[in-house]
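Observations on the model geometry
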Amino acid sequence: MTSLHCPECQVENPIENRACHNCGKPFKGEPTTVLGTPATAPAVAVAPAQSLEDDAYSNLLPSDAVLQDRYRITQLLGQGGMGAVYLATDTRFASRTCVIKEMLDHFNDPEQRAQATESFHREADFLATLKHPGIPEVYDRFTESNRHYLVMEYINGTDLEARLLEKGTPFEENEVIGWMIQCLDVLSYLHHQKPPIIYRDMKPANVITTEWGKVSLVDFGIARFFNPVSRGTMIGTQGYAPPEQYRGQVEPRSDIYALGATMHYMLTGRDPQNEPPFSFPPVKTLNPDISDEIEMLILKALDPDVENRFASADEMLGELMAIGGAQTDVVRECPHCGKLSTITRQFCPHCKQYISKKAHVLRKDASGALVTDAAGLHVNRPNSPTERFEGNKAATATTLAVPTGRTEVNFFSLRPVFYGLGAGAVLLAAAVFGARTFFSGHASIVSQGAAILTTRNADKSAGARAYANHDYQTAIADFNRAVAADPHDGEARIYLQNSYLMLAKVPTAEVAIAGPFSGQYASKGEAELQGAAFAQERINGSDHTPRLLLELADDRSGTNGAIAVSKTLGDDQDVVGVVGHLDSDASWAAMPLYNLTGLPVISPTSTSTQLSGLSPNFFRLSPDDALEGAALANYVTERMNAQTIAVLTPENAPTRQGLASAFVNQAEAAGAMVRRVPYNAQSDWAQIVNSLKSSAPQAIFLAGSHLDAIALAKAKASAGLNTPLVGGDALYLPDLLKDGGSAVEGIICGCYYHPQVDTPQARRFETDFEGKFGAPANSRAALTDEAVELFAKAAQNVGPSRTAISRYLKTLGQDGFDSLTGHARVDAQGNVRRPLYLMQVQGGRFRPLTQVVL
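Definitions and limits used
- Residues numbered from 1 in each chain as written.
- Predicted model: local features only at pLDDT ≥ 70, side-chain atom pairs only at ≥ 80, totals over all residues.
- Heavy atoms only, no water.
- Helix = DSSP H or I, 4+ residues; strand = E, 2+ residues; numbered from the N terminus.
- Buried < 20%, exposed > 50% of the residue type's maximum accessible area, 1.4 Å probe, protein only.
- Contact = heavy atoms within 4.5 Å.
- Areas by Shrake-Rupley, 256 points an atom, 1.4 Å probe, with all protein chains shown as cover.
- Salt bridge = Lys/Arg side-chain N within 4 Å of Asp/Glu carboxyl O.
- Axes fitted to C-alpha atoms, helices over the stretch in contact; angles between N-to-C directions.
- Left-handed = near helix turned anticlockwise from the far one by under 90°.
- Nonpolar A, V, L, I, M, F, W, Y, C, P; charged D, E, K, R; others polar.
- Pairing = 2+ DSSP bridges.
- Lys, Arg positive; Asp, Glu negative; His and termini not counted.
- Expected span 1.5 Å × (residues − 1).
- Polar contact = N/O pair within 3.5 Å; in protein donor to acceptor, adjacent residues only side chain to side chain.
- Core = buried A, V, L, I, M, F, W, Y, C linked by side-chain atoms within 4.5 Å.
- Right-handed = clockwise from strand over helix to strand, strands pointing away.
- pLDDT = per-residue confidence, 0-100.

**Observations concerning the overall build of the protein chain**
Helices and strands together make up the secondary structure of the protein chain, namely 23 helices and 36 strands. Here the protein chain, with 854 residues, has 58% of them falling under the buried criterion. Contacts in the protein chain between residues at least 24 apart in sequence constitute 63% of all its contacts with a sequence separation of at least 6. Entry remark: accessible area of the protein chain is about 32700 Å², with carbon and sulfur atoms responsible for 49%.

Following this line, the structure appears as structure tokens:
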């Protein structure tokens, strides 16, 4: 029976698992192995297996063998006439999983041995120079005990031939177009090397696709530098190799023929290896559903006369994108000229301008407009956060002309419409901002300084324009003026720090701050920004290395925005951690995508019990709702002596059910009579209050937001109902006081930090914070400060790596961490144990009632 083999703890898992049920390691589409019937393919193809009785295989490496005191063998993936392929763990880099290709030295002829060794070394050197997301990365090369090893990236996926055989019917046209666009992008990269590299073996078995649509070309063992004046031997696969390849004469257009044969097979199910060479009937005679445009494209690619094929991979790529690229997830429009290019290209092949790697086109919405997860440009940074300022050396090969045959202008909305929510395209409002510009009056969803997400003023806007144009000196002056004009503005402070970092060109670790910077919970986001800015200034002013670069991501106070944010940040490999989201519903919606991309997340305030165990990469600084709900129930039944209690629970917020259930269970255990009252956005608060008056509860517990508390408090005041109202930490917001007025007097709620906390750390924090912002810190600012500090310590100790940082944060479960309210411990279930402070609204202020040690 097929099963997944966890490379972390070596335990087998059911094939449908997305994370190991033993150690919790997520299966992200990279380092997972399949036992039983192969459902994934190694990053290098191998020849048909030889008999294990052959002497050449009598010395295969056993499991747990260690090479170079570094690579621990975990499994044999395949073996063939020229070598074997193993799955291994690189213990030097946070137990990175990799593939090791071994050349078994079983030659009797010394000349053959020398030729094989030379070919192996040449392949290793050649592969190590290639830098493209569709080509497995080479990590290392070495010789040990007369064996030669190549260490490579492992691609967890299934080759197209295996997928087709499993499916049993041809693939849909749009799906094939998406895969072939990615293949052509790789071929374009190879063909534009100097000298050109001819792949020579394009076929479905060498195209690995992950479950999430990424394509990689594998097995470069026969690829060579192209030399037009020399002849070579015929190398390739029958059925896919063009006529000239049989004569030992190959050129870039030979790969185009093989790609055409691959498309033909994918769309018809007719395997060219089982047919006479060079015989391909028209696609529509085998599959009438295929479009005329695709049929003509395949016929041109398969022309036996090389001069009649597409002149280059770029030409074929442009035509394929023009036919169906907009219907796939693998193209995007240039925000400068509006023309299409593939998502892997960082420079527009038409206008040569830099394109943000976050401007990915995802889907067409209901109106037919292209929808993206970001807009505009991004600061020109390399892929590795540890080499941020060395420039992108690989990008030069992508500035190639790709004729699309048409011009498409994309005026897209940045509202979170990514998952079929649908929204019309909107006009571009302020293209002057370059990177992550304004659209329809709304800022981009993400920014590190080139777009404004919160309240705008002239100085901030000028700073954003300067930042987008890489004029960091001007940006510093503008953001300094913005901070002087409004000391409360955490966003301006963060952008000021980022501008200094970009000007100084020092090593940085990039952490995203994700929260509600617009929408109904914007006041929460304002506090989060202040806490993040306070931590960043303190950290960057010390001897921390790397320094901290913060990127802001606006979830717009909703789950749809959170999903959009998680997609954008997950795609950005520079981001090594996320602080957020503040709301449990937002965290619950976004966490699966964060998990799939391996992003560690520390939420300051998401407390839902539904988040417990949702992801091994999710950490939080506030205890879950089960602890808080029980503590609040104890207070209501023991200190308030309430024996009849009404519990109001929002029907449209499933993550709040845990708080209500914990409160009810504890209250009922104490002997109280509990009545549940569900409500939703359409509920009539006056009607609810009248119902409560008739049942005369001694206390009302609200498992909702501060907005619900304000509406309920005002309805209570109007009806003359004086029953005490109690809620969770979601109510501890300045907005409750500001918008609730006298109606919220007497409300009791919880929090995990307040200005009167009596610890040395809190007193120092409060003095410094109030001196900087002119106001006391609230719970969200303080907990965000703690989260940013934890990421900074992790990056300092283990470097800017998602996997390494996630591992570091897991030590919190063993050691706990120092917080502003004292040492916080983490129990065996991963739950944070720290004091809960109960507060009561008195005279328009929150005043502490008591402390409960959880």
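Having seen the structure, we can now continue with the description.
**Describing the pattern of salt bridges**
Evaluated as defined, the whole model comprises 27 salt bridges. A salt bridge links Lys460 to Glu491; the nearest nitrogen and oxygen atoms lie 2.7 Å apart. Here Lys460, found in helix 9 (residues 458-468), pairs with Glu491, found in helix 11 (residues 490-504); they are 31 residues apart in sequence, far enough to count as distant. With relative accessibility at 0%, the residue Lys460 sits in the buried group. Residue classification places Glu491 among the buried residues on the basis of a relative accessible area of 0%. In this structure, Glu789 engages Arg538 in a salt bridge whose closest nitrogen and oxygen atoms are separated by 3.0 Å. Within this pair, whereas Glu789 is found in helix 21 (residues 779-798), its partner Arg538 is found in helix 12 (residues 522-540), the two being separated by 251 residues in sequence. Overall, Glu789 belongs to the buried group, its relative accessible area being 17%. In this structure, a network of salt bridges that share partners links the residues Arg70, Asp90, Arg96 and Asp140.

**Looking at the packing of helix 5 (residues 252-268) against helix 8 (residues 313-324)**
It is at 10 Å that the axes of helix 5 and helix 8 come closest, and there the two elements cross at 30 degrees. Regarding helix 5 and helix 8, the two cross each other, and that crossing is right-handed. Of the residues in helix 8, those in contact with Ile256, Leu259 and Met263 of helix 5 are Ala313, Met316 and Leu320. A breakdown of the residues in the contact of helix 5 with helix 8 according to their chemical character gives 6 nonpolar, no polar and no charged.

**So, the sheet that holds strand 12 (residues 207-209)**
Strand pairing in a sheet takes place through backbone hydrogen bonds and is either antiparallel or parallel in direction. Spatially, 10-12-13 is the arrangement adopted by the 3 strands of the open sheet, whose pairing is antiparallel. Of all strands in the sheet, those bounded by a partner on one side alone are strand 10 (158-159) and strand 13 (215-217). Relative to strand 12, strand 10 is paired through 2 bridges, and the arrangement is antiparallel. Across the sheet, Thr158 pairs through a bridge with Thr209, a residue of strand 12.

**Points about the side chain of Glu161**
Residue placement: Glu161 occurs in helix 2 (residues 160-167). Buried within the structure, Glu161 lacks any salt-bridge partner; its nearest side chain of opposite charge belongs to Lys203, at an N-O separation of 7.0 Å. Sequence-distant contacts of Glu161, defined by excluding residues within four places in its chain, comprise Pro204, Ala205, Tyr265, Asp271 and Gln273.

**Observations regarding helix 21**
End to end, helix 21 covers 29 Å across 20 residues, agreeing with the expected 28 Å (1.5 Å per residue, within 8%). Counted residue by residue, helix 21 has 16 buried out of 20 residues, so it is predominantly covered. A side-chain oxygen of the first residue of helix 21 lies 3.1 Å from the backbone nitrogen of Arg780; this N-cap is Asn778. Looking one or two residues past helix 21, Gly799 carries a phi angle of roughly 90 degrees, positive in sign.

**Observations concerning the nonpolar core**
The biggest cluster of nonpolar side chains holds 116 residues, and the ones touching the most others in it are Ile645, Leu648, Phe663, Phe701 and Leu736. The leading source of residues in this core is helix 21, at 10 residues. Apart from the residues within four sequence positions on either side, Leu736 is in contact with His706, Ala709, Ile710, Leu731, Gly741, Val744, Ile747, Val841 and Phe846. Formed by 59 residues, the second largest nonpolar core is a distinct cluster that contains Tyr240, Val283, Ile294 and Leu297.

**Topic: the pairing of strand 22 (residues 508-515)**
With respect to burial, strand 22 is a largely interior element, 8 of its 8 residues being buried. Because side chains alternate across strand 22, one face comprises the buried residues Thr508, Glu510, Ala512 and Ala514, and the other comprises Ala509, Val511, Ile513 and Gly515, equally buried. Sheet topology note: the strand 22/strand 23 (residues 547-554) ladder contains 8 bridges and is parallel. Across the sheet, the residue bridging to Ala514 is Ala553, located in strand 23. Between strand 22 and its parallel partner strand 23, the chain crosses via helix 12, and the hand of that crossover is right-handed. With 4 bridges joining them, strand 22 and strand 24 (residues 575-579) adopt parallel strand pairing. The residue of strand 24 that forms the bridge with Val511 is Gly577.

**Concerning the pairing of strand 7 (residues 96-103)**
Burial analysis of strand 7 places 7 of its 8 residues in the buried class, the great majority of the element. Pairing analysis gives 7 bridges linking strand 6 (residues 84-90) to strand 7, with the strands arranged antiparallel. Across the sheet, the residue bridging to Ala88 is Cys98, located in strand 7. Turn length for the strand 6-strand 7 hairpin, with the two strands adjacent in sequence and antiparallel, is 5 residues, and the turn residue Ala94 shows positive phi of about 50 degrees. Two elements, strand 7 and strand 9 (residues 147-153), share 6 bridges in a ladder whose sense is antiparallel. Opposite Glu102, over in strand 9, you have Tyr149 as the bridge partner.

**Some remarks on the confidence of the model for the protein chain**
Taken over all residues, the pLDDT of the protein chain has a mean of 79, while the share at 70 or more is 80%. A low-confidence stretch, residues 358-365 stays under pLDDT 50, and its non-local contacts, those more than four residues away or across chains, total 49 contacts. For residues 368-443, every residue scores under 50 in pLDDT, and the model assigns this stretch 239 contacts once sequence neighbours within four places are set aside.

**Brief notes about the sheet that holds strand 34 (residues 832-833)**
If you walk across this open sheet you meet the 3 strands as 32-33-34, and the pairing is antiparallel. Looking at strand neighbours, the two that pair on one side only are strand 32 (817-819) and strand 34, the edges of this open sheet. Strand direction decides the pairing type here: strand 32 and strand 33 (residues 822-826), joined by 3 bridges, are antiparallel. Note on strand 33: the bridge partner recorded for Phe817 is Ala824.

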